[in-house]
Amino acid sequence: MRAQAIAHGAATIVNAIALGRGVAFGLDLWTKAEVKLTNEAKIITGTISSDLEEKTTLIEKTVARVFRHFGVEKQFGARVTTSSNIPIARGLKSSSAAANAVALATVAALAKELDDLSAINLGVDAAFDAKVTVTGAFDDACASYFGGVAITDNSKRKLLQRLPLPDDLTVLLHVPNKKAYTGDTDVSKLATIKPAVKAAFEEAKNGNLWKALTQNGIAYSSALGYDNSIAEHALAAGALAAGLCGKGTCSDGVVPNAKLDVVKANMRSHEGEVLEVHFQQPKSKGRYIDHE
């Protein structure tokens, strides 16, 4: 039995690590997962075809969580392959997208049904199991899964608000070569920025999303030791918002289409790759393929 699913990347408006509450928005980057069930009970193997050097622990933990949810862990094993165009360990929610895609594909392979938030929560549980998250990244997982903007209380795993996004803006991502893994984040450095992050979160709740994104970026860049000049230069060139994405290393800018070329040229003056992406609106989905 075999199934596939796709989930999407996301970017930060307010990083939840300092506050336990966060805001993120979906991007049209993607991760695809294919799950093939086997008769080798409890043997789950994963392959990340787009980055063979990355660990596959999250893939395996996600399948295991889904199996346990449906009580079939002694009945099936699985072979899982993922591929993605999301830069890994740059703050673009590659782990949340992978967990969502693998969870959906596993549910579909089992020919089962699961409501959206239950599927998301299984992926969040697996992220904790795999030690790739600090807060569970429930905000990132919701933005990846549903698209649009997700405002969440990660400590309670509560989706507070979902908001649509406009069509006349583009997101530019400055992607350095250096990776930074969430599990390695020194959380003790973030205590001093909690008031600033709380202020950014309140701005987002009041609909001032781009002001919140910029404020968040300033706070986290300062705490984690990143140079915020890429964001500052993007803002000066016409971006509506710019800042550090997640715990880094990527910086993102939300740009009116009329200013796109100017801001892109500015970002390209800094070392690293610049990606042009768009908001993701439709939610993630899985599909059953066949019996083998």
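Residues numbered from 1 in each chain as written. Predicted model: local features only at pLDDT ≥ 70, side-chain atom pairs only at ≥ 80, totals over all residues. Heavy atoms only, no water.

Undergrad: Lay out the overall build of the chain with the relevant residues and their values.
TA: Per the secondary structure count, the chain includes eight helices and 11 strands. At 18 Å, the chain has a C-alpha radius of gyration in line with the 19 Å of a compact globule built from 292 residues. If you line up the chain on its principal axes, its C-alpha atoms span 60 × 35 × 35 Å. By the burial criterion, 57% of the 292 residues in the chain qualify as buried. In the chain, of all internal contacts separated by at least 6 residues, the share reaching a separation of at least 24 is 75%. Approximately 12400 Å² of the chain is accessible, and the part contributed by carbon and sulfur atoms is 48%. (Helix = DSSP H or I, 4+ residues; strand = E, 2+ residues; numbered from the N terminus. Rg over C-alpha atoms; globule rule 2.2 N^0.38 Å. Buried < 20%, exposed > 50% of the residue type's maximum accessible area, 1.4 Å probe, protein only. Contact = heavy atoms within 4.5 Å. Areas by Shrake-Rupley, 256 points an atom, 1.4 Å probe, with all protein chains shown as cover.)

Undergrad: Break down the confidence of the model for the chain for me, with residues and values.
TA: Here the chain shows a mean pLDDT of 93. Residues at 70 or above account for 96%. Averaged pLDDT values over the elements of the chain bottom out at 64 in strand 11 (residues 285–290) and peak at 98 in helix 1 (residues 57–70). (pLDDT = per-residue confidence, 0-100.)

Undergrad: Explain the pattern of salt bridges to me, and be specific about the residues and the numbers.
TA: Tallying each qualifying case throughout the model produces 11 salt bridges. With a shortest N-O distance of 3.2 Å, Asp51 and Lys179 are connected by a salt bridge. With a gap of 128 residues between them, Asp51 in the loop between strand 3 (44–48) and helix 1 and Lys179 in the loop between strand 7 (169–175) and helix 5 (194–205) connect regions that are remote in the sequence. When the shortest N-O distance is used, the salt bridge between Lys264 and Glu276 registers 2.5 Å. With Lys264 in helix 8 (residues 260–268) and Glu276 in strand 10 (residues 273–277), this pair connects stretches of sequence that are 12 residues apart. For Lys264, a relative accessible area of 14% corresponds to the buried category. Overlapping salt bridges bring together Arg65, Arg68, Asp125, Asp129 and Arg157 as one network. (Salt bridge = Lys/Arg side-chain N within 4 Å of Asp/Glu carboxyl O.)

Undergrad: Give me the lowdown on helix 3 (residues 116–130), citing residues and values where you can.
TA: Since the α-helix advances by 3.6 residues per turn, residues separated by three or four positions end up pointing in the same direction. Over its 15 residues, helix 3 extends 21 Å from the first C-alpha to the last, a length consistent with the 21 Å expected when each residue adds 1.5 Å. For helix 3, the set of buried residues is Ala119, Ile120, Asn121, Leu122, Gly123, Val124, Asp125, Ala126, Ala127 and Ala130. Lining the buried residues of helix 3 we find helix 1, helix 2 (94–109) and helix 4 (138–146). In this structure Asp115 caps helix 3, since a side-chain oxygen of it lies 3.3 Å from the backbone nitrogen of Leu117. (Expected span 1.5 Å × (residues − 1). Polar contact = N/O pair within 3.5 Å; in protein donor to acceptor, adjacent residues only side chain to side chain.)

Undergrad: Give a description of helix 1 that names residues and reports values.
TA: With 14 residues, helix 1 should cover 20 Å at 1.5 Å per step; its first-to-last C-alpha distance of 20 Å lies within 8% of that length. Burial in helix 1 covers these residues: Leu58, Ile59, Thr62, Val63, Ala64, Val66 and Phe67. Elements in contact with the buried residues of helix 1: strand 2 (21–38), strand 3, strand 4 (77–84), helix 2 and helix 3. Positioned one or two residues after helix 1, Gly71 has a phi angle of 70°, which is positive.

Undergrad: Go over the packing of helix 5 against helix 6 (residues 209–224) with me, naming the residues and quoting the values.
TA: Packing of helix 5 against helix 6 leaves a shortest axis separation of 8 Å and a crossing angle of 165°. Here helix 6 runs roughly antiparallel to helix 5, going by the angle between their axes. As helix 5 runs across helix 6, the sense of the crossing is left-handed. Between helix 5 and helix 6, the residues in contact are Ala196, Val197, Ala199, Ala200, Glu203 and Ala204 and Leu209, Lys211, Ala212, Gln215, Asn216, Ala219 and Tyr220, respectively. Of the residues contributing to the contact of helix 5 with helix 6, the split by class is nine nonpolar, two polar and two charged. (Axes fitted to C-alpha atoms, helices over the stretch in contact; angles between N-to-C directions. Parallel < 35°, antiparallel > 145°, perpendicular 65-115°, else oblique. Left-handed = near helix turned anticlockwise from the far one by under 90°. Nonpolar A, V, L, I, M, F, W, Y, C, P; charged D, E, K, R; others polar.)

Undergrad: Quick rundown of the pairing of strand 7? Include the residues and the values.
TA: Within strand 7, seven of the seven residues are buried, leaving the element largely enclosed by the surrounding structure. Burial of the side chains of strand 7 extends over both faces: Leu169, Val171, Leu173 and Val175 are buried on one face and Thr170, Leu172 and His174 on the other. Where strand 7 lies against strand 9 (residues 251–256), six bridges are found, and the strand directions are antiparallel. Looking at the pairing, Leu173 lines up with Asp252 of strand 9. Sheet topology note: the strand 7/strand 10 ladder contains five bridges and is antiparallel. In the strand pairing of strand 10, Val175 is matched with Glu273. (Pairing = 2+ DSSP bridges.)

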